[in-house]
Amino acid sequence: MNYPGYPPAGGYPPAAPGSNPWGGAAYPPTNPPPIGLDNVAGYASQFNPSHMAGMASNLAGTFGGTNAPQSIYPSTPGGYPSVPPGGFGQPPSGQQPSYGVYPPPGGNPPSGMPPYSGFPGGPVPGQPTPPPGQQPMSCPGQPPAFYAGQQPMPNYPPGPAVNPSYPAATGPTVFPVTHGNRGTITDAPGFDPLKDAEVLRKAMKGLGTDEQAIIDCLGSRSNKQRQQILLSFKTAYGKDLIKDLKSELSGNFERTILAMMKTPVMFDAYEIKEAIKGVGTDENCLIEILASRSNEHIQELSRVYKAEFKKTLEEAIKSDTSGHFQRLLISLSQGNRDESTNVDMSLVQKDVQELYAAGENRLGTDESKFNAILCARSRAHLRAVFSEYQRMCNRDIEKSICREMSGDLEKGMLAVVKCLKNTPAFFAERLQKAMKGAGTKDRTLIRIMVSRSEVDLLDIRAEYKRMYGRSLYTDITGDTSGDYRKILLKLCGGND
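Undergrad: Teacher, can you tell me more about the packing of aromatic side chains here?
TA: The geometry of two aromatic rings is summed up by the distance between their centres and the angle between their planes. Considering all chains together, one arrives at five aromatic pairs under this definition. Counting every residue linked through ring pairs, the aromatic cluster contains Tyr270, Tyr305 and Phe309. In this arrangement the basic side chain of Arg201 is found over the ring face of Tyr237, its NZ or CZ atom lying 5.6 Å from the centre. Sitting over the ring of Tyr270, Lys262 keeps its end group 5.2 Å from the ring centre.

Here it is in structure tokens:
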């Protein structure tokens, strides 16, 4: 079937108008239908040719291409427009300047209207444009820089950070090593405090005591749940559970159960009171508690100690210690360590030089300089200091402390350093010393097993196995007996 004018007389496809096979001046038509590219000229003015040339050069180098001279290819009639005055990166007359290849937020305002605000860090309307290389910059750990009159962007939660290796050339952001909830004791599911109170009542009622029922109940509940059991026991039976436990239990088993029934802060308060009571002082207990607890915990401990014993924690320390060791404990008892996670490497190097000058590089030791740096600086900062000290002085900070100090001050400074470096390893060493040799330091063993059971006892177990080649569970089994052993193994949570 034939249609008028089809097929065309000159064949198919029809030749383009003009003599040039690719189309002459008459092709494409002078009045083509609109296809949505009316603003191409406006977009072209936003591109920076030198930036695009650099991208092309990089791509050519990456993929093995070549940068061909422009003379190789003839120019095409009606091709690219000529470069406007000032280059493609310059905006048309009357348009607000824009950095980068995108127009400003909200586009350009209508004629006669004031310009819209720019991007964060960009020039502010009415302010002079900074010269190249002097754009506002932000340093690591510092808030973003803005020009006068510029509104900051809203804060968004930061992404996860990675600990950099030390030493570094710039000040990185370092986050302290935290293990989260790495305790062996957690909240028991389906917890019913009244039911547990009934179980404990039956375990202690009548002749004899069912110690295993007490171990199974209290050893499987978190400290918060045990406080609820105390209240429910008194509500249901009108009796004090602590008094009943004291009357039914004895020895180290009783001490462990009663320690578990105190809140963590209250337990520490009584341990410190016990450490400074009577003749002699348990300096190791004071060092362990004050060197390893958080700011918040120590501040609450000070309030509880004053309420419980009508004496401030600082007064108690002053009454039983002296000299630089007393100053160390008082500094730690303030609970005022810097908790920043930023590391300024220039300050790190300054602290390293001051520590070296206060110890290894002088006759005698400036203990106050060690005290000021080790008690006030942040955990992240001090980890960087220890690493940089090792690199610059070719000696571990602990060895320098051992060479420069002695007695309780040496033990206190070492405890601070070890806790900052690796808290679980510090407690693993304390546990091993408590069980090593003839006799067992039961107060130390009980205090660590109870106080760390909901914090990091899983990590302490792992460090113990790594450091001593045997499990904590095994050493507790071999060094204790009876119900005392059973409750400690229940807190331990398993063998490794």
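Undergrad: Which parts of the structure should I look at to understand helix H5 (residues 223–237)?
TA: Structurally, the α-helix is built with 3.6 residues per turn, so residues lying three or four positions apart point the same way. Taking 1.5 Å per residue, 15 residues should reach 21 Å; H5 reaches 21 Å between its end C-alpha atoms and fits that length. Within H5 the residues assigned to the buried category are Asn223, Gln225, Arg226, Ile229, Leu230, Ser232 and Phe233. Where H5 is buried, its residues meet helix H3 (193–204), helix H4 (211–218), helix H6 (241–248), helix H7 (251–261) and helix H8 (264–275). Gly238 lies just past H5 and shows a positive phi near 65°.

Undergrad: Before we go on, may I ask you to explain the packing of H8 against helix H9 (residues 283–292) in this structure?
TA: Relative orientation and spacing of two packed helices are given, respectively, by the angle between their axes and the distance between those axes. In the contact formed by H8 and H9, the axes pass within 9 Å of each other and the chain directions differ by 150°. One way to sum up the angle between H8 and H9 is to call them roughly antiparallel. Classified by chirality, the crossing of H9 by H8 is left-handed. Facing Asp268, Glu271, Ile272 and Ala275 of H8, the residues of H9 in contact are Cys285, Leu286 and Ile289.

Undergrad: Before we go on, may I ask you to explain the packing of H9 against helix H19 (residues 442–451) in this structure?
TA: Where H9 meets H19, the axes come as close as 11 Å, and the angle between the chain directions of the two elements is 10°. It follows from the interaxial angle that H9 and H19 lie roughly parallel. Together, Cys285, Glu288 and Ile289 of H9 and Arg443, Thr444, Arg447 and Ile448 of H19 make up the contact between the two elements. Residue composition of the contact of H9 with H19, grouped by class: three nonpolar, one polar and three charged.

Undergrad: What is the right way to look at the pattern of salt bridges in this model?
TA: Opposite charge on two side chains makes pairing possible when the charged atoms of those side chains draw close. Evaluation of the coordinates by the stated rule reveals 29 salt bridges. Of the charged contacts in the structure, one is a salt bridge between Lys277 and Glu274, with a shortest N-O distance of 3.2 Å. A salt bridge links Asp282 to Arg443; the nearest nitrogen and oxygen atoms lie 3.7 Å apart. Here the residue Asp282 occupies a position in the loop between H8 and H9, and Arg443 occupies one in helix H19, the gap between them amounting to 161 residues. For Arg443, a relative accessible area of 30% puts it in the partly exposed group.

Undergrad: How do you make sense of the environment of Gln390 when you look at a structure like this?
TA: In this structure, Gln390 sits in helix H15 (residues 379–393). By relative accessible area, Gln390 is classed as partly exposed at 33%. On a C-alpha basis, the gap between Gln390 and Val352 in space is 9.4 Å, while along the polypeptide they are 38 residues apart. Those residues in contact with Gln390 that lie beyond four places of it in its chain are Arg395 and Asp396.

Undergrad: How should I be thinking about the side chain of Ser400 in this particular structure?
TA: Relative to the elements of secondary structure, Ser400 occurs in helix H16 (residues 397–404). The exposure class of Ser400 is buried, given its relative accessible area of 1%. Here Ser400 is in contact with Glu360, Tyr389 and Arg395, once residues within four sequence places are set aside.

Undergrad: Looking at this model, I keep getting lost on the side chain of Thr321. Mind explaining?
TA: Examined against the element boundaries, Thr321 turns out to sit in the loop between helix H11 (313–320) and helix H12 (323–333). With a relative accessible area of 11%, Thr321 lands in the buried category. Only 2.6 Å separates the side chain of Thr321 from the backbone oxygen of Ile317, close enough to count as a polar contact. The residues touching Thr321, leaving out its near neighbours within four places in the chain, are Leu286, Gln326 and Leu329.

Basis of the calculations
- Residues numbered from 1 in each chain as written.
- Predicted model: local features only at pLDDT ≥ 70, side-chain atom pairs only at ≥ 80, totals over all residues.
- Heavy atoms only, no water.
- Phe/Tyr/Trp six-rings, centres within 6.5 Å; stacked < 30°, edge-to-face > 60°.
- Lys NZ or Arg CZ within 6 Å of the ring centre and 35° of its normal.
- Helix = DSSP H or I, 4+ residues; strand = E, 2+ residues; numbered from the N terminus.
- Expected span 1.5 Å × (residues − 1).
- Buried < 20%, exposed > 50% of the residue type's maximum accessible area, 1.4 Å probe, protein only.
- Contact = heavy atoms within 4.5 Å.
- Axes fitted to C-alpha atoms, helices over the stretch in contact; angles between N-to-C directions.
- Parallel < 35°, antiparallel > 145°, perpendicular 65-115°, else oblique.
- Left-handed = near helix turned anticlockwise from the far one by under 90°.
- Nonpolar A, V, L, I, M, F, W, Y, C, P; charged D, E, K, R; others polar.
- Salt bridge = Lys/Arg side-chain N within 4 Å of Asp/Glu carboxyl O.
- Polar contact = N/O pair within 3.5 Å; in protein donor to acceptor, adjacent residues only side chain to side chain.

Read these as geometric descriptors, not functional statements.
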